[in-house]
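Observations on chain architecture
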Amino acid sequence: MAESTTITGLAGQEMPDLDLSGADWRSGSQGVGDVQIAFVEGFIAMRNARRPQAPSIVFTPAEWRAFVVNAREGEFDLT
């Protein structure tokens, strides 16, 4: 069965049903960590590498850009 997902985006828009079964999942530049991303049909999918069968989070390009900018600025730093 193909891995697919339908997610409501952060801004409330419904995302298409994406087939993630053939996605090229990439880890961080160091090749370590639990987060992987894939670029699929104009969207960005994120998943937990230790649980690849779990649902993925799907971002629009604008949502992804906002996430990356805020992460770089430390918004999600829990320390």
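Note that the structure is predicted; figures quoted are calculated from it, not measured.

1. A closer look at the pairing of strand β3 (residues 35–40)
- Bridge analysis of β3 against strand β4 (residues 43–48) gives six bridges, and the strand direction is antiparallel. Across the sheet, residue Q36 finds its bridge partner in β4, namely R47.
- The antiparallel hairpin formed by β3 and β4 contains two residues in its connecting segment, where E41 sits at a positive phi of about 50 degrees.

2. Some thoughts on the environment of V58
- Looking at the secondary structure, you find V58 in strand β5 (residues 57–59).
- For V58 and V40, which are 18 residues apart along the polypeptide, the C-alpha to C-alpha distance reads 9.4 Å.

3. Section: the sheet that holds β4
- Spatial strand order, β3-β4-β5: three strands in an open sheet with antiparallel pairing. Where the open sheet ends on each side, the last strands, each with one partner, are β3 and β5. Taken pair by pair, the neighbouring strands of this sheet meet at an average axis angle of 25 degrees, ignoring direction.
- Strands β3, β4 and β5 of the sheet are contacted by helix α1 (residues 61–72), whose axis makes an angle of about 100 degrees with β5.

4. Observations concerning the nonpolar core
- Core analysis: the biggest nonpolar cluster contains nine residues, these being L18, L20, A23, W25, A38, V40, F43, A45 and V58.
- Residues I37, I44, M46 and F59 belong to the second largest nonpolar core, which totals five residues.

5. Comments concerning unusual backbone geometry
- Residue E41 is not a glycine yet carries a positive backbone phi of 50 degrees.
- Position of E41 among the secondary structure elements: in the loop between β3 and β4.

6. So, the packing of aromatic side chains
- Counted according to the given criterion, the structure contains four aromatic pairs.
- For the ring pair F59 and W64, a centre distance of 5.3 Å and an interplane angle of 65 degrees mean the geometry is edge-to-face. Assigned by exposure class, F59 and W64 land together as buried.
- Every member of this aromatic cluster is reached through a ring pair, and the members are F59, W64, F67 and F76.

The rules behind these values
Residues numbered from 1 in each chain as written. Predicted model: local features only at pLDDT ≥ 70, side-chain atom pairs only at ≥ 80, totals over all residues. Heavy atoms only, no water. Pairing = 2+ DSSP bridges. Helix = DSSP H or I, 4+ residues; strand = E, 2+ residues; numbered from the N terminus. Axes fitted to C-alpha atoms, helices over the stretch in contact; angles between N-to-C directions. Contact = heavy atoms within 4.5 Å. Core = buried A, V, L, I, M, F, W, Y, C linked by side-chain atoms within 4.5 Å. Buried < 20%, exposed > 50% of the residue type's maximum accessible area, 1.4 Å probe, protein only. Phe/Tyr/Trp six-rings, centres within 6.5 Å; stacked < 30°, edge-to-face > 60°.

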